[in-house]
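Each chain, written out:
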Amino acid sequence: MPTVDDDLPSGLGPEQFSARIFGSAGPATDGGLELAPFRGVRFVPEVAGDLAAVTTPPYDLVDDAEVGRLLSGGGHNIVRLNMPRAAGESYREAGETLRRWLAEGVLTTDPDPALYVYEAAKDGTVLQRGLIGALGLRAEADRVVLPHENVFPGPVRDRLALMAAARANLEPIFLVYEGGGDAARIVDDAAREEPLLGFRADDGLTHRLWRIADPALHARVSADLRGKQALIADGHHRYATYRALQARHHAAGDGPGPWDRGLALLVDSTRFPPHLGAIHRVLPGLAPGDAVERARKAFTVTEFGDENAAVRALGDARGPAFLVGGGEKPYLLTSPDSAALARVMPSEHSARWRCLDTAVLDHLLIGDLWNVPENENAIEVVHDDPSAALDRARRAGGTAVVLNPLKVEDVLAVANGGERVPRKSTSFGPKPRTGLVLRLLDLEGDR
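Bear in mind the structure is a predicted one, so any value in this text is a computation, not a measurement. (Residues numbered from 1 in each chain as written. Predicted model: local features only at pLDDT ≥ 70, side-chain atom pairs only at ≥ 80, totals over all residues. Heavy atoms only, no water.)

J.: I would appreciate a short explanation of the overall build of the protein chain in the present structure.
T.: Helix and strand counts for the protein chain come out as 17 helices and 21 strands. Computed over the C-alpha atoms, the radius of gyration of the protein chain is 22 Å, within 12% of the 22 Å expected from 2.2 N^0.38 for a compact globule of 447 residues. Its C-alpha atoms give the protein chain principal-axis dimensions of about 65 × 50 × 45 Å. The proportion of buried residues among the 447 residues of the protein chain is 55%. Total accessible area on the protein chain is roughly 18,500 Å²; 48% of this is exposed by carbon and sulfur atoms. Treating the 50 positive side-chain charges of the protein chain as one cloud and the 63 negative ones as another, the clouds have centres 1 Å apart. (Helix = DSSP H or I, 4+ residues; strand = E, 2+ residues; numbered from the N terminus. Rg over C-alpha atoms; globule rule 2.2 N^0.38 Å. Buried < 20%, exposed > 50% of the residue type's maximum accessible area, 1.4 Å probe, protein only. Areas by Shrake-Rupley, 256 points an atom, 1.4 Å probe, with all protein chains shown as cover. Lys, Arg positive; Asp, Glu negative; His and termini not counted. Charge placed at Lys NZ, Arg CZ, Asp CG, Glu CD.)

Okay, here's the thing in structure tokens:
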């Protein structure tokens, strides 16, 4: 696996880069799924302020306008650490800010290694509950930690620069696994006690955290997870960054250390099935009428006069289907032509992969019929909300493509087969709140 730095070779595509960074080649090891305790670093509300005001969603869901709003309030918002460039500061300065906040009592370090139970609830209904710990890093070939998306060198280089400068994991990645065993009972038992902290945030969710410090419970969790397999639900670039940092230390002869793990939330999907939402596309440079006419070459096209009815029809559709809008009326695209699919779909992929809605979208609609380059300038994304995607397309004079979410079992099967779903295929949630607990690599208890 390569060291990822400013000398990263050019011309390395996402598939090749992902294969190398995730470690898809090489012999398997004996290490199973591991979630180790660590000494958590947390905000002190009496000094830092309201936890709802200093924590945020994951960094890649916070846009520039939101960062500006968070920074304008001053204080100790987590974006000062994980998005320092928005405040005009370097990654080195972010690391210095982290240490200064520790010295000033804005942040505190828990005295002993612990696992942390994290819960997200809405109106009294628990949506998600899982364990935050230090995830043992595994090569993809080990079939223990499964990525399902490719990663790109740029974001990995960026996160590696921050992680190395801060010497910390500033926010957890999110994984799911099929459990139902002893670890699930330990999590539920902990959640019956008084939480370490709890607050309602502007995302409408109540976030709570408990601390499990008993080594006997750690041992039970370890034993229960040993034979399990976890799917990365969110945080592929950060997991790749963990792997790159690990490779850097090993190449330097540092041997085993805290760089062999990374901060993660692990959720038992048998107890708390994740919400898997769709990621819709907006193509600002493609006129809706032109998009529909080109789509007729390979799809059955049905016109709708009502947006809500069209969205319902999309949800009821069998097989790959898309709702195209942005003009006066939405259109449902169904039944893609089999000859057209055979012509454009990559033959090296499995039959299951070739039937994914996002694969058909990328190769038949966007790449072939519409001939639109796949980059951030030509294609924007909107998570979950069909109306938001359609509204954005109308404002831009472009085309929105609304999708059905993929099925969790399809994502898992594709990943288990060593494949990746197309980019921007999945939006797993709820995503863990950033800033609840941090992990410093140079804490004595983490070695």
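J.: What's the story with the packing of aromatic side chains in this structure? I'm lost.
T.: Any two aromatic rings considered together are summarised by their centre-to-centre distance and by the angle between their planes. Using the criterion set out here, one finds five aromatic pairs in the structure. Relative to tyrosine 116, the ring of phenylalanine 38 lies with its centre 5.4 Å away and its plane at 55 degrees, an arrangement referred to as tilted. Here phenylalanine 38 is found in the loop between β1 (35-36) and β2 (40-43), whereas its partner tyrosine 116 is found in strand β4 (residues 115-122), with 78 residues between them in sequence. By relative accessible area, which is 0% here, phenylalanine 38 ends up buried. Members of the aromatic cluster, connected to one another through ring pairs, are Phe22, Tyr239 and Tyr242. (Phe/Tyr/Trp six-rings, centres within 6.5 Å; stacked < 30°, edge-to-face > 60°.)

J.: Any chance you could explain the sheet that holds strand β14 (residues 279-283) here in plain terms?
T.: Sheet strands associate in pairs through backbone hydrogen bonding, adopting either a parallel or an antiparallel arrangement. One open sheet holds the six strands; their spatial order is β15-β17-β16-β19-β14-β18, and the pairing between them is antiparallel. Strands with a single pairing partner mark the edges of an open sheet, and in this sheet they are β15 (300-303) and β18 (380-383). When the angles between neighbouring strand axes are averaged without regard to direction, this sheet yields 25 degrees. As paired strands, β15 and strand β17 (residues 331-334) are joined by four bridges and run antiparallel to one another. (Pairing = 2+ DSSP bridges. Axes fitted to C-alpha atoms, helices over the stretch in contact; angles between N-to-C directions.)

J.: Sorry, what's going on with the sheet that holds strand β7 (residues 168-169) here?
T.: Sheet architecture is open: four strands sit in the order β3-β2-β21-β7, paired in antiparallel fashion. Since the sheet does not close on itself, it has two edges, and those belong to β3 (107-109) and β7, each with one partner. Helix-sheet contacts for helix α6 (residues 91-104) involve β2, β3, β7 and β21 (438-440), and the interaxial angle to β3 is about 80 degrees. (Contact = heavy atoms within 4.5 Å.)

J.: Help me out: how do you make sense of unusual backbone geometry in this one?
T.: Working note: non-glycine residues mostly have negative phi, and peptide bonds are mostly trans. The amide bond that connects glycine 429 to the next residue, proline 430, takes the cis arrangement and shows omega of -5 degrees. Examined against the element boundaries, proline 430 turns out to sit in the loop between β20 (427-429) and β21. Of note in the backbone geometry, serine 335 takes a positive phi value of approximately 50 degrees without being a glycine. Counting through the fold element by element, serine 335 comes out in the loop between β17 and α13 (338-344). Notably, lysine 424 is not glycine yet its phi reads approximately 60 degrees, a positive angle. For lysine 424, the position within the fold is in the loop between α17 (408-416) and β20.

J.: Teacher, can you tell me more about the environment of arginine 143 here?
T.: Tracing the sequence through the fold places arginine 143 in the loop between β5 (125-136) and β6 (145-146). Residues arginine 143 and asparagine 416 lie 273 residues apart in sequence; the distance between their C-alpha atoms is 7.4 Å. For arginine 143, the side chain forms a polar contact with the main-chain oxygen of asparagine 416, separated by 2.8 Å. (Polar contact = N/O pair within 3.5 Å; in protein donor to acceptor, adjacent residues only side chain to side chain.)

J.: Looking at this model, I keep getting lost on the packing of helix α8 (residues 182-190) against helix α9 (residues 215-225). Mind explaining?
T.: Describing two packed helices takes the angle between their axes plus the distance from one axis to the other. For the pair α8 and α9, the least separation of the axes is 8 Å and the interaxial angle reads 140 degrees. The segment α8 lies against α9, with Asp182, Ala183 and Ile186 engaging Leu217, Arg220, Val221, Asp224 and Leu225. A class-by-class count of the residues in the contact of α8 with α9 yields five nonpolar, no polar and three charged. (Nonpolar A, V, L, I, M, F, W, Y, C, P; charged D, E, K, R; others polar.)

J.: Even after reading the chapter, I still don't get the pattern of salt bridges, so can you show me in this structure?
T.: Oppositely charged side chains are able to pair whenever their charged atoms sit close together. Under the criterion given, the structure shown has 32 salt bridges. Residues aspartate 188 and arginine 129 are paired through a salt bridge, measuring 2.9 Å at the closest nitrogen-oxygen approach. Placement of aspartate 188 in helix α8 and of arginine 129 in strand β5 is noted, with a sequence separation of 59 residues between them. No difference in accessibility class separates aspartate 188 from arginine 129, as the two residues are buried. (Salt bridge = Lys/Arg side-chain N within 4 Å of Asp/Glu carboxyl O.)

J.: How should I be thinking about the pairing of strand β12 (residues 261-268) in this particular structure?
T.: Where a strand is regular, its side chains alternate between the two sheet faces. Taking burial as the measure, the eight residues of β12 include seven buried ones, the bulk of the element. Where strand β8 (residues 173-177) lies against β12, five bridges are found, and the strand directions are parallel. When the bridges of β12 are listed, tyrosine 177 appears paired with aspartate 268.

J.: Mind showing me how you'd approach α17 here?
T.: Within an α-helix, residues lying three or four positions from one another point in the same direction, as the helix has 3.6 residues per turn. All of the buried residues along α17 are Asp410, Val411, Val414 and Ala415. Buried residues along α17 cover an arc of 130 degrees about the axis, so they all sit on one side. Buried residues belonging to α17 abut β6, β11 (230-234), β13 (275-277), α14 (351-354) and β20. In the segment just after α17, glycine 418 is the residue with positive phi, at about 85 degrees. (Arc of directions from axis to C-beta.)

J.: Sorry, what's going on with the environment of arginine 238 here?
T.: Mapped onto the fold, arginine 238 is located in helix α10 (residues 236-251). Dropping the residues within four chain positions of it, arginine 238 is found in contact with Pro58, Tyr59, Asp60, Glu171, Pro172 and Ile173.

J.: I tried to follow the pairing of β17 on my own but got confused; where do I start?
T.: Here β17 shows no split at all, with Tyr331 and Leu333 on one side and Leu332 and Thr334 on the other all buried. Alignment of strand β16 (residues 322-325) against β17, held across three bridges, turns out to be antiparallel. Along β17, the bridge assignment pairs leucine 323 with leucine 332.

J.: I would appreciate a short explanation of the side chain of histidine 249 in the present structure.
T.: With respect to the helices and strands, the residue histidine 249 is situated in helix α10. There is a polar contact of 2.7 Å between the side chain of histidine 249 and the side chain of aspartate 254. Setting aside residues no more than four positions away along its own chain, histidine 249 makes contact with Asp254, Gly255 and Trp259.

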